[in-house]
Amino acid sequence: MSTPPAHLDPTSAGLQRWHPAGVFFRAKLGAAVRKAALDAGFSCPNRDGTLSRAGCSFCNPAGSGTGLAALPLAGQWALQVPRIRARDPQARILAYLQAYSNTHASPERLRAVLEETAALPGVCGLCLGTRPDCLDVGSGEARLDVLASFVRPDGLPFMQLDLGLQSADDAVLARANRGHGARVFAEAAQAAAAHGLLVCAHLVHGLPGAGPHDLTRSVEFLNALPVSGVKFHNLLVCRGAPLAREWQEGRAPLPELEDYVAALTEALERLRPDICVERLFADPAPGELVAPAWAADKAAGLRLLRRELDHRNTWQGRLDFCPERLPDWAGYHLPNT
Ligand code: SF4
């Protein structure tokens, strides 16, 4: 990491030093936003045998699912919305199809799920997690067409794809058994943007074979793409994931919290300022975390990151985009979004 400019006031502790997702969503939807996680019962090509049955090395067997897939989406929504409203009565609520790969289906099934989602009472849009190789890019783009057809005032006016990149290093992706390379992600992000869809990229720090600057290289890769958000994750060893055995056998050393904060600081300093940061630390589900122990205390991690950024008096995009001053995050928007 380079030294911040000496003329900046090093006492400016407590400033907002990254582009917060709240600012981004308020600009898009005019209010604070909460997400209701829904499970439409999709699978994943990297688990159902289409690509492999092993899954990505870090994926837990539940694939970030809620376990509610047996209920119709309306029933899942009805369970979650009162809890969200109790905490934040004014918030607008996005549906979040999070589990597995939510475009791994025929265009007809995808359309049916989107119709069900658009009919949820009070839904203001959709975040949809999927793989970049599940969008028919380069082969007719039928599933992207279906998604784009719902971006309308009486459908799902806000639509964001949560797309896994994890690392921009193909060797790291191969070792994690991702089943696709970085170029596939780049093509998917470009095709999604051309269809009027927002893209939030997911990155992981600490995958086996990744160097200490892997997160920064991945951010530089994203900077060249039409991406509007990023979720950073520290690598978790989850119960039942293939990585658990690698870790137990000593073949997958995990970064310490201080290593992750250093990598995150370096990556944030390179990140384009218009890209909002939706997540900085992975959020293990109850009972799934095997290691590292520090990952159970996300609040402590965030405190350490804030302290490091304050101490260095640095911020998102400082090195390549905005060296002189901390940006007004509310002033940053992607062109044409
Ligand atoms: S991480 Fe995602 S793409 Fe990989 S196996 Fe799990 S659900 Fe599939």
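Structure shown above.
I will try to describe carefully the structure that is included in this document. (Residues numbered from 1 in each chain as written. Predicted model: local features only at pLDDT ≥ 70, side-chain atom pairs only at ≥ 80, totals over all residues.)

1. Points about the packing of helix α3 (residues 107-118) against helix α4 (residues 142-149)
Moving on, step 1. Two numbers describe how α3 lies on α4: the axes approach to 9 Å, and their chain directions differ by 20°. What the angle tells us is that α3 and α4 run roughly parallel. Crossing handedness for the pair α3 and α4: right-handed. Two secondary-structure elements touch here, α3 through P107, L110, R111 and L114 and α4 through A142, R143 and V146.
Moving on, step 2. Of the residues in the contact of α3 with α4, the class split is five nonpolar, no polar and two charged. (Axes fitted to C-alpha atoms, helices over the stretch in contact; angles between N-to-C directions. Helix = DSSP H or I, 4+ residues; strand = E, 2+ residues; numbered from the N terminus. Parallel < 35°, antiparallel > 145°, perpendicular 65-115°, else oblique. Left-handed = near helix turned anticlockwise from the far one by under 90°. Contact = placed C-beta atoms within 7 Å. Nonpolar A, V, L, I, M, F, W, Y, C, P; charged D, E, K, R; others polar.)

2. Let's talk about unusual backbone geometry
Moving on, step 1. The amide bond that connects A291 to the next residue, P292, takes the cis arrangement and shows omega of -5°.
Moving on, step 2. Summarising the element assignment, P292 is placed in the loop between β9 (289-291) and α10 (298-312).
Moving on, step 3. The backbone of D136 sits at a positive phi, close to 60°, despite the residue not being glycine.
Moving on, step 4. Tracing the backbone shows D136 in the loop between β3 (123-130) and α4.
Moving on, step 5. Under the C-beta neighbour-count criterion, D136 is labelled partly exposed, with 17 such atoms within 10 Å.
Moving on, step 6. Although it is not a glycine, N177 sits at a positive phi angle of roughly 60°. (Buried ≥ 20, exposed ≤ 12 C-beta atoms within 10 Å, placed from the backbone.)

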